[in-house]
Amino acid sequence: MNDTFARLPTVILLGVLVAIFAALLKQNRTFRFRLWFVGWAILFIRFVLQLIWRPLGFSPGIYGGIDLASLQVAGIIFLGSVSALADTTRRNLYFILISLPLVIYAFCLSLSVEALWVYVAILSLIAVVPSTIVLRYAGVSRWNVGLLSTGWVTLIWSFWEAYYGRPELGFYAFMTWVYAACAVLFYRRYRRLTPGIVTTSLGFLGWAAISPLGHFLHYLPMNAAMQNSMWNLPKFVVAIGMIVTLLEDERISAEDAHEREQMMSEQMRRFADLTSQLFSGGDVREVCGQIAKAITETSNFLRAVIVLAEGPNRYVITGHAGFSEAAWQQVSGCVAALTDESFLGLARPDSRIGTNSYRAKSDYSVMNILPMACNAPWSDGHKVVIPMGSPGRGVIGAMGLDEPRSLKHVSAENLASLELLATDVAGALDNSKLQRQLFHSEKLAGMGQLVSGVAHELNNPLTAILGYSEILGDRAIDSAMKRDLDVMRREALRMKRIIENLQRFSRQQRMEKKVIGLKPLLEDVLKLRAYDMHALNIRVTQDIQAQPLLVFADETLLHQVLMNVLNNAMDAVEHLDDKRISIAARVQGDRAHISIHDNGPGFAEVARVFDPFYTTKGPGKGTGLGLSICYGIIREHGGDIIATNLAPQGASITILLPLQVERAERSPVASDKLADI
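Residues numbered from 1 in each chain as written. Predicted model: local features only at pLDDT ≥ 70, side-chain atom pairs only at ≥ 80, totals over all residues. Heavy atoms only, no water.

### A look at the packing of aromatic side chains
Then step 1. Summed over all chains, the structure comprises 22 aromatic pairs.
Then step 2. When the centroid spacing of 5.3 Å and the interplanar angle of 45° are considered together, the rings of Trp-40 and Phe-78 count as tilted. On the criterion of sequence distance, the pair formed by Trp-40 in helix H2 (residues 31-52) and Phe-78 in helix H3 (residues 60-81) is long-range, its members being 38 residues apart. The exposure classification of Trp-40 matches that of Phe-78, with both residues buried.
Then step 3. An aromatic cluster is present here, built from Phe-21, Phe-33, Trp-36, Trp-40, Phe-78, Tyr-179, Phe-186, Tyr-190, Phe-204 and Trp-207 joined pairwise through their rings.
Then step 4. When the ring centre of Phe-47 is taken as origin, the NZ or CZ atom of Arg-46, which lies over that ring, is 5.3 Å away. (Phe/Tyr/Trp six-rings, centres within 6.5 Å; stacked < 30°, edge-to-face > 60°. Helix = DSSP H or I, 4+ residues; strand = E, 2+ residues; numbered from the N terminus. Buried < 20%, exposed > 50% of the residue type's maximum accessible area, 1.4 Å probe, protein only. Lys NZ or Arg CZ within 6 Å of the ring centre and 35° of its normal.)

### A few points about the sheet that holds strand S11 (residues 591-598)
Then step 1. What the five strands build is an open sheet, ordered S8-S10-S11-S13-S12; its pairing is mixed. Each of the sheet's edge strands pairs with one partner strand only, and the pair in question is strand S8 (538-544) and strand S12 (640-645). Strand-to-strand, the axes of this sheet are offset by a mean angle of 15°, without reference to chain direction.
Then step 2. Packed on one face of the sheet, helix H15 (residues 518-535) meets S8, strand S10 (579-588) and S11 and runs near 175° to S8. (Pairing = 2+ DSSP bridges. Axes fitted to C-alpha atoms, helices over the stretch in contact; angles between N-to-C directions. Contact = heavy atoms within 4.5 Å.)

### A few points about the pairing of strand S13 (residues 651-658)
Then step 1. Taken across its eight residues, S13 has seven buried, putting it largely inside the fold.
Then step 2. Looking at chain direction, S11 and S13 are connected through eight bridges and run antiparallel. When the sheet's bridge partners are listed, Ile-596 is paired in S13 with Ile-653.
Then step 3. Sheet topology note: the S12/S13 ladder contains six bridges and is antiparallel. Pairing of Thr-644 across the sheet is with Ser-652, part of S13.
Then step 4. Here S12 folds back onto S13, and the loop between the two strands holds five residues, one of which, Gly-650, carries a positive phi near 120°.

### Remarks on the environment of Tyr-119
Then step 1. Within the secondary structure, Tyr-119 sits in helix H5 (residues 116-137).
Then step 2. For the pair Tyr-119 and Leu-109, spaced 10 residues apart in sequence, the C-alpha to C-alpha distance is 9.2 Å.
Then step 3. Beyond its immediate stretch of four places on either side in the chain, Tyr-119 contacts Tyr-105, Cys-108, Leu-109, Val-113, Glu-114, Ala-162 and Pro-167.

### Regarding the packing of H2 against H3
For any two helices packed against each other, one specifies the inter-axial angle together with the distance between the axes.
Then step 1. Where H2 meets H3, the axes come as close as 9 Å, and the angle between the chain directions of the two elements is 165°. Between H2 and H3, the angle is such that the two are roughly antiparallel. Here H2 and H3 pass one another in a crossing that is left-handed. The segment H2 lies against H3, with Arg-32, Leu-35, Trp-36, Val-38, Gly-39, Trp-40, Ile-42, Leu-43, Arg-46, Leu-49 and Gln-50 engaging Tyr-63, Ile-66, Asp-67, Ser-70, Leu-71, Val-73, Ala-74, Ile-77, Phe-78, Gly-80 and Ser-81. (Parallel < 35°, antiparallel > 145°, perpendicular 65-115°, else oblique. Left-handed = near helix turned anticlockwise from the far one by under 90°.)

### Focus: the nonpolar core
Then step 1. Counting 64 residues, the largest nonpolar core has Trp-40, Phe-78, Phe-204 and Trp-207 as its most contacted members.
Then step 2. Broken down by element, this core gets its largest block of residues, 12 residues, from helix H7 (residues 167-190).
Then step 3. If near-sequence neighbours (up to four positions away) are discounted, Trp-40 is found in contact with Leu-14, Val-18, Phe-21, Phe-78, Trp-207, Lys-235, Val-238, Ala-239 and Met-242.
Then step 4. Leu-526, Ala-553, Leu-562 and Val-609 belong to the second-largest nonpolar core, a separate cluster that totals 44 residues. (Core = buried A, V, L, I, M, F, W, Y, C linked by side-chain atoms within 4.5 Å.)

### As for H7
Then step 1. Its 24 residues give H7 an end-to-end C-alpha distance of 35 Å, which sits within 8% of 34 Å, the value for a rise of 1.5 Å per residue.
Then step 2. With 17 of its 24 residues buried, H7 lies for the most part within the structure.
Then step 3. Following H7 by one or two positions, Arg-191 has its phi on the positive side, about 50°. (Expected span 1.5 Å × (residues − 1).)

### Concerning the environment of Phe-47
Then step 1. Considering the arrangement of structural elements, one finds Phe-47 in helix H2.
Then step 2. The class for Phe-47 is buried, based on a relative accessible area of 4%.
Then step 3. Taking the C-alpha atoms as reference, Phe-47 lies 9.5 Å from Gly-15; in sequence the two are 32 residues apart.
Then step 4. Beyond its immediate stretch of four places on either side in the chain, Phe-47 contacts Thr-10, Val-11, Leu-14, Asn-232 and Lys-235.

### A look at the packing of H2 against helix H4 (residues 91-110)
Then step 1. Contact geometry of H2 with H4 gives a least axis separation of 13 Å together with a crossing angle of 35°. The hand of the H2/H4 crossing is right-handed. Contacts between H2 and H4 involve Phe-31, Arg-34 and Leu-35 from the first element and Arg-91, Asn-92 and Phe-95 from the second.
Then step 2. Within the contact of H2 with H4, the residues separate by chemical class into three nonpolar, one polar and two charged. (Nonpolar A, V, L, I, M, F, W, Y, C, P; charged D, E, K, R; others polar.)

### What to know about the environment of Ile-133
Then step 1. Following the sequence through the fold, Ile-133 ends up in helix H5.
Then step 2. Note on Ile-133: relative accessible area 8%, which makes it buried.
Then step 3. Residues Ile-133 and Leu-85, spaced 48 residues apart in sequence, show a C-alpha to C-alpha distance of 8.4 Å.

None of the figures reported here should be taken as evidence of function without further support.
Structural data, given as structure tokens:
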């Protein structure tokens, strides 16, 4: 009875602590904290059984087995809660496999089993099963092997003691190792010197020291109450330390959430300012560079790159931040090697992290970016890819993010703001393109009205000049005068052709549209200029899709456009030693893309390429009306024509025309189709 009253305060205090853990469990539902609650519930039941095991009718052997097993199982639960096993998917099974041999060992000791082979078999299971599980799922690292080595030494000593008929010493030695490992792993898990962590770690060390100290102190004169108070003190220290640790975690989480909220607010403010610059028509490369820098300064990622599509199988980096020179060269090589297939292949379902973000990795051996499973361990070269798409144009590029500050923040929740930014940037780029097209259309419309009036006013005096030059030529007798009149008439006719071009530019033409194939038309244009290209030693490469490319267009006018663009490319490379022109045609989405690239000097002012009278040719070699007329023809066909400069040199003209296919055969406009900028 006295012993019962002596144990009662310990039971009550531990019951209060377990009640506190139960109350805190409602706020913290993490698996680690649930393990703590289960461990302390087991210990509370153990202390309660110390008071009531006789009234319940338990035999001393059964009670002793439960008493010893509860200490070991609680230790394994605490150890597992701060180890890598707590983060595995089959963790419950692992805890059972590790704990079961120890429970059997405890009951064998309590029931006085003396067979040596039983203890050897149990110790062998304890040596093999936990080691295999830990090394397989926590990894073969120097730290894991070192920690397990101390456990193996303890087990070898336990084998030795069991051989000499003292298996209980091995049991208590392993219990000492479990609680000592708890102390080390608890600090290693949190890596901070706060009151909760220090108190818990020291409490586990005191708990581990109970068994060895018992062998030396059980001879000292002290009553049972003093012994219970002394042996149970580390348990209460650990319980209080865990509660303080939980409160510290709540405080740290609140501070972290507040910091993230402030960072998110700053992030959204900066992102809004930058996207508004794009909406206002700011320079794409400059603004994208600022966006990449803002991402590295306000998000979880230290490096960011923005990639945009500039045509079929062509991707360029328009903004980057956080890269060293070597890393930048590698990333540039990977982006340059991207194809439409590999780029769109990054958006795989098993790679998805958030609503519109995917895991990927760079393979620098082949200079390519490959998709990867979203739950794969993070390593060098791994990154997050966020496609940038708009409703009208599909996917126009992507954001690449790597070097995260914290791996736990690479989550759908933390990527949501960057996904929103990607959507805003895509919309801003789309709007910027539409604004440029509108401005260009208005400018051309104004010029069209001007040149229409000028052409009309010039036609009358030019007609008089042509008429009188012919009359004077018929009347002239002097041969020198006839030559002069012929020059006048020839130049007047040249002026007449220029005026006709002006009129063609300024007003819509009567078109005779029909379904035509682009491949035969391109081959015909190339045949007409084949002799000149061979004479100039120009190398021409073709990548024309084998499937029919059918459009509804005026064949004569489209022929004129293709011939004009090819002539410009030939003029651009005329004075180079290495003359190269490439022609590509393919279906993309519901449009046909025709691209003509050259390796010439490029356009001096890309924004003015389609302006009337703008030319990069020398005096007397061009009127500057060719591409302007081409622009009008393509726009009247419901298409678009885009001029870009290539890196490191060269120029490209891309013509986009709506495909003419049967409605039933028309391919749907996929949300992940590529679009040019």
